[in-house]
Amino acid sequence: MIELEGVPELVDPVMVAAFEGWNDAGDAASTAVAHLDREWKGEVFAALDAEDYYDFQVNRPTVWLDGGTRKITWPTTRLSVVRVGGEKPRDLVLIRGIEPSMRWRSYCNEILGFAHELGVEMVVILGALLGDTPHTRPVPVSGVTSDPDLARTMDLEETRYEGPTGIVGILQEACTHAGVPAVSLWAAVPHYVSQPPNPKATLALLNRLEDLLGLRIPLGELPEDARAWQLGVDQLAAEDSEVAEYVQTLEEARDTAELPEASGEAIAREFERYLRRRDVGGPGQAPGGHATESGDAYLRDTSSGRTRPPKPQRPEKGRPKDTDGDTTPEDPPSAGPDEDASDD
């Protein structure tokens, strides 16, 4: 039995989830949900029992001092609620946790129990994977679903993936079988600079979530962080001729693939986003705080003093691997002309 005492009646709630681990290249997805929670001051109302789902030798608890008292934080999954204001207020149920070590079916059933009790209308799961994409171009974001009707009405791709999957794929299928509309948004992170954080990929996921739900998300310092990140990677790549040559090859392939892709739909999406955020904006940003997609937008010296990103890894022969040494962990196709390239 799930008891939700103290949770108010929600308005048109949508559940947005992300999980640290295999489906979270560059920590882009989990950072996006953490950003929503922080910007909208989410209130945690539930946490799953860590004993049921985690191997503590894999995900160890941490000890910390609260004044003079030692406390333990256990790896778990927490649920919080945020209210999104505007002309049409609505609520988001945010799920942020670590991919569980065991009992995935029970884990998904427990999440679906919360979704049912809260009247959730749709579940959106964020993920990030490693891909053959250059860091100098807008981050490709794919929207996929197992529901053909949802794919048609929301301009998403119907998944055709077969192979190993993570908790994102399992939860999406659990939602489909339970009759809950579910969408996964995937950001492609350059495999040669996969170390977290990747604020540019986080920003791209949030922009795509805005488009999907028709929301206006406060971006805070993310556009500035994305520009600083790209500037740092540019500088480090320039120091290694092999990496610089490889990046140029990826750029040429990406530009060739996207040459016919200045579609009316893409332009319309950008214009709708502009209208949602037209009263914000600032120096060096597109309207609403988005980093622009023009060629020099990320090359400006921000003089922000932020830590430079890790040195890009030398490209390896063949297909890039994910963090566990396997191939691309999940279902969206590699970055191509049919993917949403909204970035920021």
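Predicted model only: the values in this text are computed from it and were never measured. (Residues numbered from 1 in each chain as written. Predicted model: local features only at pLDDT ≥ 70, side-chain atom pairs only at ≥ 80, totals over all residues. Heavy atoms only, no water.)

(A) Structural context of the pairing of strand E8 (residues 141-145). Burial analysis of E8 places 5 of its 5 residues in the buried class, which makes it a mostly covered element. Neither face of E8 is left uncovered, since the one carrying Val141, Gly143 and Thr145 and the one carrying Ser142 and Val144 both have all their residues buried. In terms of strand pairing, E8 meets strand E10 (residues 182-190) through 4 bridges, oriented antiparallel. If you follow Val141 over to E10, its bridge partner there is Ala187. Here E8 pairs with strand E9 (residues 157-158) via 2 bridges, running parallel. Across the sheet, residue Val144 finds its bridge partner in E9, namely Glu157. (Buried < 20%, exposed > 50% of the residue type's maximum accessible area, 1.4 Å probe, protein only. Helix = DSSP H or I, 4+ residues; strand = E, 2+ residues; numbered from the N terminus. Pairing = 2+ DSSP bridges.)

(B) Main features of the sheet that holds strand E2 (residues 43-47). Taken together, the 8 strands give an open sheet; going across it, the order is E2-E5-E6-E1-E7-E10-E8-E9, and neighbouring strands pair in mixed fashion. With partners counted over all chains shown, the strands left at the sheet margins are E2 and E9, one partner each. Direction of pairing for strand E5 (residues 77-84) relative to strand E6 (residues 90-98): antiparallel, over a ladder of 8 bridges. Bridging across to E6, Leu79 finds its partner in Ile95. Packing of helix H5 (residues 167-177) onto the sheet brings it into contact with strand E1 (14-20), strand E7 (122-131), E8 and E10, and relative to E10 it is tilted by some 165°. Across the face of the sheet, helix H6 (residues 199-213) comes into contact with E1, E6, E7, E8 and E10 while running at roughly 155° to E10. (Contact = heavy atoms within 4.5 Å. Axes fitted to C-alpha atoms, helices over the stretch in contact; angles between N-to-C directions.)

(C) Region of interest: the packing of aromatic side chains. Tallied over the full model, the rule gives 5 aromatic pairs. Their ring planes at 85° and their centres at 6.1 Å tell us that Tyr192 and Tyr246 sit as a pair that is edge-to-face. You can see Tyr192 sitting in the loop between E10 and H6 and its partner Tyr246 sitting in helix H8 (residues 241-258), a full 54 residues away along the chain. Across the pair, Tyr246 and Tyr192 agree in class, each one buried. Taken together through their ring pairs, the aromatic side chains of Phe19, Tyr53 and Tyr107 make up a single cluster. (Phe/Tyr/Trp six-rings, centres within 6.5 Å; stacked < 30°, edge-to-face > 60°.)

(D) Broad picture of the pairing of E5. Burial within E5 is extensive, with 6 of its 8 residues counted as buried. Here E5 folds back onto E6 in antiparallel fashion, the turn holding 5 residues, of which Gly86 has a positive phi close to 120°.

(E) A look at the pattern of salt bridges. Considering all chains together, one arrives at 9 salt bridges under this definition. Between Arg83 and Asp91 there is a salt bridge; the shortest N-O distance is 2.3 Å. Using a relative accessible area of 44% as the deciding quantity, one classes Arg83 as partly exposed. Residues joined by salt bridges that share partners form a network here, namely Arg137, Glu251 and Asp255. (Salt bridge = Lys/Arg side-chain N within 4 Å of Asp/Glu carboxyl O.)

(F) Representation of the side chain of Thr202 in the model. The topology assignment puts Thr202 in helix H6. We classify Thr202 as buried; its relative accessible area is 1%. Those residues in contact with Thr202, other than ones at most four positions away along the chain, are Asp27, Ala28, Thr31, Ala32 and Leu222.

(G) Region of the structure containing helix H3 (residues 104-118). Compared with the 21 Å implied by 1.5 Å per residue over 15 residues, the 21 Å span of H3 between its first and last C-alpha is a close match. Listed as buried for H3 are Tyr107, Cys108, Ile111, Leu112, Gly113, Phe114, Ala115 and Leu118. If you follow the buried residues of H3, they end up packed against E1, E2, helix H2 (50-53), E5, E6 and H5. Looking one or two residues beyond H3, the residue adopting positive phi is Gly119, at roughly 70°. (Expected span 1.5 Å × (residues − 1).)

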